[in-house]
Amino acid sequence: MLQAINLSKRFKTKEVVREINMELLAGESVGLLGPNGAGKSTTISMLSSLVQPTSGDVLWNEKSIAKNPEPLRKTLGVVPQEIALYPELSARENLAFFGRVYGLKGELLETRITEVLMKIGLTDRQKDIVKTFSGGMKRRLNIGAALLHRPSILIMDEPTVGIDPQSRAYILETVKQFVEEGMTLLYTSHYMEEVEMLCDKIYIMDQGKIIAHGTKEELKGLVSENQTIELKANLLTENFEKTLIERFPTATLHIEEEVLTISMSKSEEPLATIFAVAAANNVVITSAIVKVPSLEDVFLHLTGKALRD
Amino acid sequence: MLFTLIAKQMKMLIRNKQPLIILLVMPLVLITILSNALGSIMDSGEEAAIQANLLIVDNSSWAQEEKAIKLFLEQEGVNGPPLEAMLIQFKSSDPVELLNGTILASDEMKKYIAVDYKKYVDLKVARQDENIDGILNIPTNFRLDYVKSAYFNNTNLPDLSLYLNQDNEIRASIIESVLTDWQTGYTQSAALLSADLSPQEIMSNVTSVEKLEQTLEANERKIPASIYYTVGMLVMFALYIPAFLAGFALQEVQWKVYDRILLAGVSPILYTLSIFFTGTFVAFIQQVMMLLFGMFVLGIEWISLEAMVVIIVSYSVFVGALSALMTTLQFRTKTEGIANVFNGLFITVFSFLGGSFFNIRDISETLGKIGDFTPNGATMSAILSIQKGQDLSVIWPFMLAIYVLVVVCVLLSIVFFPRRGVAE
Ligand SMILES: Nc1ncnc2c1ncn2[C@@H]1O[C@H](COP(=O)(O)OP(=O)(O)OP(=O)(O)O)[C@@H](O)[C@H]1O
Ligand SMILES: [Mg+2]
């Protein structure tokens, strides 16, 4: 249905998105996961026809949207990362405006507004000026403004950023309902657990590239083939690290203060080797934990860095 | 769709306090202050630091008319010594002599009015002379007619004409007020000189004042400070509209609501068009409100409504076009720099050149001419010409300047329009 083909974006000399390929099928719920600055929002802007790709193409029903984005735009609901609302207008006025630009009017517009207000739980506050809303309420209205024309695809860019846990739970619950109702969803986040809760298919993005994708199970499988060893040690030396990399060429190393995290294939039996290398380098290991792999570690495994900083 | 966008822009303007204060409250306050503070100088000439040039064209003289007056008195049955005495009395109270020898000769008056006397001048040529602020034309039989009307209740009223050069309202008004005082003065003194005058005769003398005023009105209406500054502020403050609208548009881009509008299928052209229409509409409303304020609060009587509508609508269209241009420029630069420079520098310079604060022609004729090419200056000149009572046709050169500027703004908007989207 919606496809990205070798999609790239360069801003001046900065390559922000590099040759990514994605696919969103009808009724699917897809997560796009990545740390700050990975290029998620830029990707979404290209997918929704707002930003022209430097190279590559976006296909909607097999046709490029570059020339004619209208059919896509009509079926698309986009929830931007920013609060894209008029602060001086009331919740209802905001919805009415965005409904009207989609060509809704009269009774139909009124019923749609009422319907959306119910969905986002703002019926009580509809007459209030958006400026006076809490962060969570603004986020909810931000979602509502994308729903008036009843899109069949919803693209959400970090819809839970910067709000309290309660509001977040409410929004996640609402979005989950959309998915259950059959809405096609592309959900961007840097919270693994949100994507895990909402999405069947996940793309992981870092530094403009898709570094892994698959169903939740496939990705979990990817992780469960690996193991993570956390070492606490005095005086971690460079030489110690170097020797470890030589011994385990497929492993990823990550050092944070006195903790060395090594991620590698499960097939290896590394502990004996690690202790031997440590002894040879005069490194005293104070503790060693072999961790049961988690989804959060997928990212660590793939990139050598934590998803969130 | 267009209406939805315009309605939203109107809401943004109204819900923000700042635009309302700058676009409506400030000009009204300034009109009130300026027309009161500067009104006394402009309207009465009391403290004028400016000297007006008056040309008196006397087609006659006492010596020339004495014979005719004597003949008239004889026909009225006055003879012998009383006739001689009357002639002496009439001569000493000759209003022209009074004006030349007493009123205009005083040191006080010389500060304000420089007089030049001529006999038999081609009035058409003299009226074209921009250095002359007023021409008082005294016709051939003025003294005889005056004697007839003032002392013998004859229906022939002295036929004076005063031409005022309305290019400079302040100087023209100085001359006008002095000459009106003079005329009122001589008709009343004439009444006192003749002991057996009946009240009815005095009344008939007053009509000679009306006669002078009629001469004035037939040529041009006087522009008082209230009209001058209402128009000055009206053209100046309309120029603040584009920056507000362009600022809102930039905010919409920054808030990403612009993205939403684009996603809904609204083309950037339509969006810009909505700004054009909003600018035009707001400018029109703003100007109408100021004209109404002038009418109801300052008691101005606006004349020739059709011409006023043409001017106001044209200027509003210009404001709309400028709003659209400023919006596209801001989309290009993605900063408010252009609007800030325009508000901070251009509006002040344009208003100065256009004459919103005072008549720039007092300083320099060249600057005044340049001012007529500023949109506000052209509009102000057009409105003032119309309010002086001139024909509709005088506005077209000014309107042409406005229309050229509208076309320039539209063309530049098209040239600078960011086709590839604002996000990049
Ligand atoms: N218009 C632009 N001009 C120049 N650089 C840009 C522009 N938009 C984005 N970038 C850069 O592209 C990179 C990716 O940005 P993007 O917003 O797509 O990341 P993201 O994954 O959405 O991050 P976040 O989680 O913080 O929202 C960043 O380094 C950003 O600074
Ligand atoms: Mg983002």
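Here we summarise the structure given alongside this text. (Residues numbered from 1 in each chain as written. Chains lettered and ligands numbered in written order. Predicted model: local features only at pLDDT ≥ 70, side-chain atom pairs only at ≥ 80, totals over all residues. Heavy atoms only, no water.)

### Considering the overall build of chain B
Here is step 1 of the chain: When you go through chain B residue by residue, the secondary structure sums to 20 helices and four strands.
Here is step 2 of the chain: Counting all 424 residues of chain B, 53% fall into the buried class.
Here is step 3 of the chain: When contacts within chain B are restricted to residue pairs at least 6 apart in sequence, long-range pairs at least 24 apart make up 80% of them.
Here is step 4 of the chain: As displayed, chain B offers around 18900 Å² of accessible surface, 63% of which is attributable to carbon and sulfur atoms. (Helix = DSSP H or I, 4+ residues; strand = E, 2+ residues; numbered from the N terminus. Buried < 20%, exposed > 50% of the residue type's maximum accessible area, 1.4 Å probe, protein only. Contact = heavy atoms within 4.5 Å. Areas by Shrake-Rupley, 256 points an atom, 1.4 Å probe, with all protein chains shown as cover.)

### What about the site of ligand 1?
Here is step 1 of the chain: The environment of ligand 1 is made up of 14 residues, and the closest members are Lys 40, Ser 41, Thr 42, Gln 81 and Glu 158 of chain A.
Here is step 2 of the chain: What surrounds ligand 1 is not a single chain but chains A and B.
Here is step 3 of the chain: A distance of 3.3 Å is found between an oxygen atom of ligand 1 and a side-chain nitrogen or oxygen belonging to Lys 14 of chain A.
Here is step 4 of the chain: Thr 42 of chain A places a polar side-chain atom, nitrogen or oxygen, 2.6 Å from an oxygen atom of ligand 1. (Near = heavy atom within 4 Å. Polar contact = N/O pair within 3.5 Å; in protein donor to acceptor, adjacent residues only side chain to side chain.)

### Description of the interface of chain A and chain B
Here is step 1 of the chain: Opposite the 31 residues of chain A that make contact, chain B presents 22 residues.
Here is step 2 of the chain: When the two sides are added together, the surface that chain A and chain B hide from each other amounts to roughly 2300 Å², 64% of it contributed by carbon and sulfur.
Here is step 3 of the chain: Residue Glu 93 of chain A is joined to Arg 15 of chain B by a salt bridge in which the shortest nitrogen-to-oxygen separation is 2.7 Å.
Here is step 4 of the chain: Linking chain A with chain B are six residue pairs in polar contact (both at pLDDT 80 or more).
Here is step 5 of the chain: Sorting the residues of the side of chain A that touches chain B by element identifies helix H2 (70–75), strand S6 (76–79) and helix H3 (91–101) of chain A as the ones contributing at least two each.
Here is step 6 of the chain: With five residues, H3 of chain A is the largest single contributor of residues to the side of chain A that touches chain B.
Here is step 7 of the chain: By residue class, the composition of the side of chain A that touches chain B is 18 nonpolar, six polar and seven charged. (Buried area = accessible area lost by both parts, 1.4 Å probe. Salt bridge = Lys/Arg side-chain N within 4 Å of Asp/Glu carboxyl O. Nonpolar A, V, L, I, M, F, W, Y, C, P; charged D, E, K, R; others polar.)

### Describing the packing of helix H16 (residues 305–333) of chain B against helix H19 (residues 375–387) of chain B
Residues and elements named next belong to chain B.
Here is step 1 of the chain: Contact pair H16 / H19: the axes reach a minimum separation of 10 Å and the direction vectors enclose 175°. Judged by the angle between their axes, H16 and H19 are roughly antiparallel. For the pair H16 and H19, the contacting residues are Ala 307, Met 308, Ile 311, Ile 312, Tyr 315 and Phe 318 in the first and Pro 375, Asn 376, Thr 379, Ala 382, Ile 383, Ile 386 and Gln 387 in the second.
Here is step 2 of the chain: Residue classes in the contact of H16 with H19 are distributed as 10 nonpolar, three polar and no charged. (Axes fitted to C-alpha atoms, helices over the stretch in contact; angles between N-to-C directions. Parallel < 35°, antiparallel > 145°, perpendicular 65-115°, else oblique.)

### Points about the coordination of the magnesium ion (ligand 2)
Residue and element names in this part refer to chain A.
Here is step 1 of the chain: Looking at the magnesium ion (ligand 2), the protein donor atoms are Ser 41 (OG) and Gln 81 (OE1), and they sit 1.9 to 2.1 Å from it. Of this pair, Ser 41 sits in helix H1 (residues 40–47) while Gln 81 sits in the loop between S6 and H3, and the two are 40 residues apart along the sequence.
Here is step 2 of the chain: The exposure class assigned to Gln 81 is partly exposed, which follows from its relative accessible area of 25%. (Donors = N, O, S within 2.8 Å, 3.2 Å for Na, K, Ca; no water.)

### Observations regarding the nonpolar core
Here is step 1 of the chain: Core analysis: the largest hydrophobic core is formed by 155 residues, its most contacted members being Tyr 86, Phe 98, Leu 141, Leu 154, Leu 186 and Tyr 187 of chain A together with Phe 318 of chain B.
Here is step 2 of the chain: Among the elements that take part in this core, H16 of chain B stands out by supplying 14 residues, more than any other.
Here is step 3 of the chain: Not counting the four nearest positions on each side in its chain, Leu 186 of chain A is found in contact with Met 22, Leu 24, Val 30, Leu 32, Ile 44, Leu 47, Leu 154, Ile 155 and Met 156 of chain A.
Here is step 4 of the chain: Core analysis: the next-biggest nonpolar cluster, separate from the first, contains 21 residues, Ala 52, Ile 138, Leu 162 and Ala 172 of chain B among them. (Core = buried A, V, L, I, M, F, W, Y, C linked by side-chain atoms within 4.5 Å.)

### A few points about the side chain of Ser 8 of chain A
All names here are of chain A.
Here is step 1 of the chain: Mapping Ser 8 onto the fold places it in strand S1 (residues 2–11).
Here is step 2 of the chain: The exposure class of Ser 8 is buried, given its relative accessible area of 6%.
Here is step 3 of the chain: Non-local contacts of Ser 8, meaning those with residues more than four positions away in its chain, are made with Val 17, Arg 18, Glu 19, Met 46, Pro 53, Thr 54 and Ser 55.

All we've got here are geometric facts, nothing functional implied.
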